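Here's the letter readout for the chains.
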Amino acid sequence: MSTARPTTEFVPEAQEVVEEFSRRLLELEAGQRTGVEEPESLNAAFRAIHSLKGLAALFAAGPIATLSHSLENALDALRLGRVPLNAATLDVLFEAVESFAALLAAHEHETEGPGIEGLLGRIDALVGRVRPERAATELPGIDESILSVLTEYEEHRLRENVRLGRTLYRVHASFDLLAIDVGIEGLKARLKEFGEVITYLPSADSSADDRIDLDILLGSNAEHAAVADALASEGVSVHPLVREGAVREPGGSTSAGTHDVGAGYVDPERVLDDPEVGVGHDVSLRSISRTVRVDLARLDQLMNLIGEIGVAQATLVDSVDRLRRRGAAPDIARELSGELRTLSRKVSLLQQGVLDVRMVPLGQVFDKLARVVRKLGREAGKEIRLSISGEETELDKLIVEELSDPLMHMIRNCIDHGIESRAERLATGKPPVGRVELRAFQRGSRVVLEVEDDGRGIDLRQIRESALRRGLQREEDLREMTPQQIIELVFMPGFTTRSTPGALSGRGVGMDVVKTNISRLSGIIDVNTTVGRGTTFSITLPVTLAIIQALVVQTAGQTFCIPLNSVLESVMVTRNEIRTVDGAEVITLHGKTLPLCHLARLFELRRQASPERSRIYVIVVGLAQHRVGLVVDDLLGQQDVVIKSIGSALRSIPGIAGATELGGGRTVLLLDVAALVEEAVGREIGGAAASASSPSEVTHGA
Amino acid sequence: MARERDAEDLWQSLSRSGEALATEEDYEHGYSREVRQDLRRCLTFRCGGELYGLSIHDLAEITKPMSTTPVPRTADFVVGIGNVRGTVIPMVDLARRLRLVARRTGTSTRVLIVNHGGELYGLVVDGVHDVVPIPPEAFEPPPGALGGARAGFIAALARHGEEILIILDLAVVLDPRDFVRGDAGPRGRA
């Protein structure tokens, strides 16, 4: 092939492989800590890199291919036990994960990737540091005929199992030729419960032409009877191969089991000659994966179509209603509305189906974060335990993608600013290891993500001083701010409490980026902190952005939609509940002062000389940590809407996010709550003290 | 396809140039007439009492006035947004945009749906006339002396018979920077 295939397929595929690799490394690291080594993790890591190498070669991604080739060698050596697996080795492997990420990004943008020579050197050094040839564990009781057919890896695993004092079993199984892949998978799963499958060997004594017999070498701590009982099914028999005791007695090469097995094996040369026998496992070319990769844009298209069907259907409902009112052909009208109900049920099922396809578990992001914690903790010289829960919680793919950066910033902040040094922690009577907790859970139609640390908490004094030093706030304003308002200063652009930028965070970018990103996803961010005890950031997000639930409102005769996920609640208030504080209208809601903002005034909509209503509706909207009450004349209801672009010419209008169709061909504008709140809050800055003032200063409004 | 268009061009150019179809004489002595391939087909329409031309390449379709939704914080010439079979498009009152005397919407009022930069826009005009082929030499640059507020909108003038067509520069007419009202955005207390 002279031309490389387009890279659009390569990067996402490669990223998936790298993620898999990284996940396996984390497993290995966990195994190191607990002392339970899982050879499968190492194998999976090896396989991942092997396929990455193939991919990279196919797409002519030179450096990635070079790096994966070198890694593959190292992993092979690790797998064969020639190189010890320890923290230092893992460091190099994790470094490779980072390099892959950078190389892939460079590949996608067709830029020069980072140099990898240093890393390649370190990887090669690993392989070079070959463990001095150990005195080979004696393998008494294992016939030479077995050893001769084992690969180096299998022999290594066999020795490891013997070393761990496991009993070796020969499991003889017979499979129907047609169902062999299913049969083997099933058996493998059951065998795994008992120990490690060392190898599969085709067996000579095939009972029939349409069956394949296999001998499986299993290393297990379990008793013979237990294994035999569990595996007892058609065509499976279990024989102990080497007893623990036998191994400890060097030279006992003629134990009873030997003949038992030796007889069962075919001559290795026959295996090679006879391809029919050789096809043991991985015989099927059919891929095990039952998934397809779909471009999100295609799903968006489907979503749009469904939206349009919905609109057409709403129009139909309207027409049928008119038909019924007119009393014409009542039987047909009834039939029509019945069918329409069915249709609408199916359409909403279809919509839900497409939405479900877009959903991915948060685990993908969490895995990346686990890596970040590990790396940052090490760089900051702090020991940190990350606990994760709710990784199965699902969110729209787009949201998950947008979340990884803000979450990373937040984790960085926890590690850099939150968690204290070991000495400091011990001095304050805390456990030496810092704890960072990442939680996700669904609450109603939203997903809540929490990042909690048990660090030193946010010191209000420090924030105040820092804000003053950087000239972000005036002293007199700061004096009148509530603690919550002060905490919120950390979300201001340019805010940092560090006097010198640290390697991790503290460059004054971070929390404002977090806020911007979360706001863009119509999310709300809250901070809870206790000095000396720790900080919790919680992000509340909508589940999807493709179709949104909207609140349909009316003001000055015009209809607007407000994304429901930014609406916290809506309340009806009477005019005399409105107070003015320093000229700004506010109401008291749940004991807190809520600034009001009239949509009609914001948009300068002309009223048709309608009398001022005595009742108004206040829609409490939130953006990040701010709350504003949007005043409208009427609430018309709630509806699922598809967001449509209003074109590049109108895109920059502040306060308008797009348009959408309601039934009957009506096009209405969708409000950009984030921008409106920002506007309202920005206006407030002049009177920042206003919303914080005590109720005694409140005067009666108009 | 190309052949069909050529044929159409022949008929149109013949009928417009006043030339007749082949005469007896032509048949006797043979005839040759050039069919021009470089004619630019323009839609002619009226707006604020003047005649304009728009290359049909820029035109997606012509519709009757549709219902629009007003959009706050936009310039006065933005009528609002309209919906063309599921696509939301901005609607521009061309007369206001060109600062001409706006006419009331009448029976002849039409909306030209134009494609500019891959997006659709609606231009409300007083009425459409015809599609005419215009040879390149009939185009002339906008006269500098024209001055006036509108000069910037004019890409060229084109002579068509007795009339002068004003060819608009869509990039200027549809400049997004003009759509948003200047004072929109954060302001004093509402």
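Conventions and cut-offs
- Residues numbered from 1 in each chain as written.
- Chains lettered and ligands numbered in written order.
- Predicted model: local features only at pLDDT ≥ 70, side-chain atom pairs only at ≥ 80, totals over all residues.
- Helix = DSSP H or I, 4+ residues; strand = E, 2+ residues; numbered from the N terminus.
- Contact = placed C-beta atoms within 7 Å.
- Buried ≥ 20, exposed ≤ 12 C-beta atoms within 10 Å, placed from the backbone.
- Nonpolar A, V, L, I, M, F, W, Y, C, P; charged D, E, K, R; others polar.
- Pairing = 2+ DSSP bridges.
- Axes fitted to C-alpha atoms, helices over the stretch in contact; angles between N-to-C directions.
- Left-handed = near helix turned anticlockwise from the far one by under 90°.
- Expected span 1.5 Å × (residues − 1).
- Arc of directions from axis to C-beta.
- Parallel < 35°, antiparallel > 145°, perpendicular 65-115°, else oblique.
- Core = buried A, V, L, I, M, F, W, Y, C linked by C-beta atoms within 7 Å.
- pLDDT = per-residue confidence, 0-100.

Participant: Please explain the overall build of chain A as it appears in this structure.
Facilitator: Within chain A, the secondary structure is distributed over 24 helices and 23 strands. Considering only contacts within chain A whose residues lie at least 6 apart along the sequence, 71% involve residues at least 24 apart.

Participant: Help me out: how do you make sense of the overall build of chain B in this one?
Facilitator: Within chain B, the regular secondary structure consists of 5 helices and 11 strands. Counting the 190 residues in chain B, one finds 28% classified as buried. For chain B, long-range pairs separated by at least 24 residues make up 56% of all intrachain contacts whose partners lie at least 6 apart in sequence.

Participant: How should the interface of chain B and chain A be read in this particular structure?
Facilitator: Interface size is often expressed as the accessible area that is lost when the parts come together. Listed as interface residues are 22 residues of chain B and, on the opposing side, 32 residues of chain A. For the side of chain B that touches chain A, the secondary structure elements donating two or more residues are strand 4 (78-84), strand 5 (87-93) and helix 5 (176-179) of chain B. Counting residues per element, the side of chain B that touches chain A draws most heavily on strand 5 of chain B, which supplies 3 residues. Broken down by class, the residue content of the side of chain B that touches chain A amounts to 14 nonpolar, 5 polar and 3 charged.

Participant: Just checking my understanding: could you explain the sheet that holds strand 8 (residues 127-134) of chain B for this structure?
Facilitator: Within a sheet, each strand pairs with its neighbour through backbone hydrogen bonds, oriented either parallel or antiparallel. Residue and element names in this part refer to chain B. Read from one edge to the other, the open sheet built from 6 strands follows the order 8-1-2-11-10-9, with strand pairing classed as mixed. The open sheet has two edge strands, strand 8 and strand 9 (139-140), and neither has a second partner. Relative to strand 2 (residues 50-55), strand 1 (residues 40-47) runs antiparallel, the two being bridged by 6 bridges. If you follow C42 over to strand 2, its bridge partner there is S55.

Participant: Help me understand unusual backbone geometry, please; the structure alone is not making it clear to me.
Facilitator: Note: most peptide bonds trans; most residues except glycine with negative phi. One non-glycine residue, E604(A), lies in positive phi territory at about 50°. Considering the arrangement of structural elements, one finds E604(A) in the loop between helix 23 (599-602) and strand 18 (615-623). Judged by the 14 C-beta atoms lying within 10 Å of it, E604(A) falls in the partly exposed class. Backbone geometry at R73(B) places phi at a positive 65°, although glycine is not the residue there. Checked against the element boundaries, R73(B) lands in the loop between strand 3 (59-63) and strand 4.

Participant: For this particular structure, what's the right way to read the packing of helix 4 (residues 87-108) of chain A against helix 5 (residues 117-128) of chain A?
Facilitator: Helix-helix packing: each pair is described by the crossing angle between the helix axes and the interaxial distance. Residues and elements named next belong to chain A. Closest axis-to-axis distance for the helix 4/helix 5 pair is 10 Å, and the angle between their directions is 145°. Handedness of the helix 4/helix 5 crossing: left-handed. Contacts between helix 4 and helix 5 pair T89, V92, E95, A96 and S99 from the former with L119, R122, I123 and L126 from the latter. Classifying every residue of the contact of helix 4 with helix 5 gives 5 nonpolar, 2 polar and 2 charged.

Participant: Looking at this model, I keep getting lost on the pairing of strand 21 (residues 656-662) of chain A. Mind explaining?
Facilitator: Residue and element names in this part refer to chain A. A large share of strand 21 lies buried, amounting to 6 of its 7 residues. As defined by bridge partners, strand 21 adjoins strand 22 (residues 666-671) across 6 bridges and the pair is classed as antiparallel. Considered in strand 22, the bridge of I656 is made with L671.

Participant: Can you walk me through helix 3 (residues 62-79) of chain A in this structure?
Facilitator: Each full turn of the α-helix corresponds to 3.6 residues, which orients residues three or four apart in the same direction. All names here are of chain A. Helix length check: helix 3, at 18 residues, gives a terminal C-alpha distance of 25 Å against a target of 26 Å (1.5 Å per residue), a fit within 8%. The complete set of buried residues in helix 3 reads P63, I64, L67, S68, S70, L71, A74, L75 and L78. Buried residues of helix 3, viewed axially, fall in a sector of 165°; they line one side.

Participant: Explanation requested: helix 7 (residues 152-163) of chain A in the structure shown.
Facilitator: Residues and elements named next belong to chain A. A rise of 1.5 Å per residue sets the reference length of helix 7, with its 12 residues, at 16 Å; its end C-alpha atoms lie 16 Å apart and thus fit the reference within 8%. Along helix 7, the residues classified as buried are E155, R157, L158, N161 and V162. The buried residues of helix 7 occupy one face: seen down the axis, they fall within an arc of 160°. Residues of helix 7 that are exposed and point more than 90 degrees away from the buried face comprise E152 and R163.

Participant: I'm lost on the environment of N565(A) in this one. Help?
Facilitator: As for its position among the elements, N565(A) is in the loop between strand 13 (558-563) and strand 14 (567-574). The class for N565(A) is buried, based on 23 C-beta atoms found within 10 Å.

Participant: Would you take a moment to explain the packing of helix 14 (residues 296-326) of chain A against helix 15 (residues 330-358) of chain A for this structure?
Facilitator: All names here are of chain A. In contact at an axis separation of 10 Å, helix 14 and helix 15 are set at 160° when each is read in the N-to-C sense. The angle between helix 14 and helix 15 places the two elements in the roughly antiparallel class. Here the hand of the crossing between helix 14 and helix 15 comes out left-handed. Its residues placed into classes, the contact of helix 14 with helix 15 shows 18 nonpolar, 5 polar and 2 charged.

Participant: Would you explain the nonpolar core in this entry?
Facilitator: General note: in soluble globular proteins, nonpolar side chains tend to be found buried as a group. The biggest cluster of nonpolar side chains holds 87 residues, and the ones touching the most others in it are C561(A), I562(A), I619(A), L630(A), L671(A) and L123(B). Counting residues per element, this core draws most heavily on helix 24 (residues 673-684) of chain A, at 6 residues. Those residues within four positions of L630(A) in sequence are excluded, and the remaining contacts are C597(A), L599(A), I619(A), V621(A) and L676(A). If you look at the next biggest cluster of nonpolar residues, it comprises 40 residues, including I415(A), V451(A), F491(A) and I518(A).

Participant: How should I be thinking about the sheet that holds strand 7 (residues 119-125) of chain B in this particular structure?
Facilitator: All names here are of chain B. Pairing within the open sheet is mixed, and its 5 strands lie in the order 3-6-7-5-4. Edge strands, defined here as strands with exactly one partner in the open sheet, are strand 3 and strand 4. Direction aside, neighbouring strands of the sheet carry axes that sit 30° apart on average. The pairing of strand 3 with strand 6 (residues 110-116) spans 4 bridges and is antiparallel. Bridge pairing in strand 6 links E61 to I113.

Participant: What am I meant to see in the environment of A95(B) here?
Facilitator: Residue and element names in this part refer to chain B. Tracing the backbone shows A95 in helix 3 (residues 94-97). Sequence separation of A95 and G49 is 46 residues, and the distance between their C-alpha atoms is 9.4 Å. The contacts of A95, once residues within four sequence positions are left out, are C47, G48, L100, V101, A102 and R103.

Participant: What is the right way to look at the confidence of the model for chain A in this model?
Facilitator: Segments scoring low in pLDDT should not have their predicted coordinates read at a detailed level. Residues and elements named next belong to chain A. On average, residues of chain A carry a pLDDT of 75, and 78% of them reach 70 or more. The least confident element of chain A, judged by mean pLDDT, is strand 23 (residues 699-700) at 36; the most confident is strand 13 at 91. Of the regions scoring below 50 in pLDDT, residues 1-5 engages in 4 contacts with residues more than four places distant in sequence or in other chains. Within the model, pLDDT remains below 50 along residues 499-508, and this stretch shows 21 contacts once partners closer than five positions in the same chain are excluded.

Participant: Explain the pairing of strand 10 (residues 524-530) of chain A here, please?
Facilitator: When a strand is regular, its side chains alternate between the sheet's two faces. Residue and element names in this part refer to chain A. Where strand 10 meets strand 11 (residues 534-542), 7 bridges bridge the pair, whose relative direction is antiparallel. For N528, the partnering residue across the bridge sits in strand 11 and is T536. What sits between strand 10 and strand 11 in their antiparallel hairpin is a turn of 3 residues, with G532 showing a positive phi close to 85°.

Participant: Any chance you could explain the environment of I415(A) here in plain terms?
Facilitator: Counting through the fold element by element, I415(A) comes out in helix 17 (residues 397-418). Put simply, I415(A) and I384(A) are 31 residues apart on the chain and 8.1 Å apart in space, counted from C-alpha to C-alpha.

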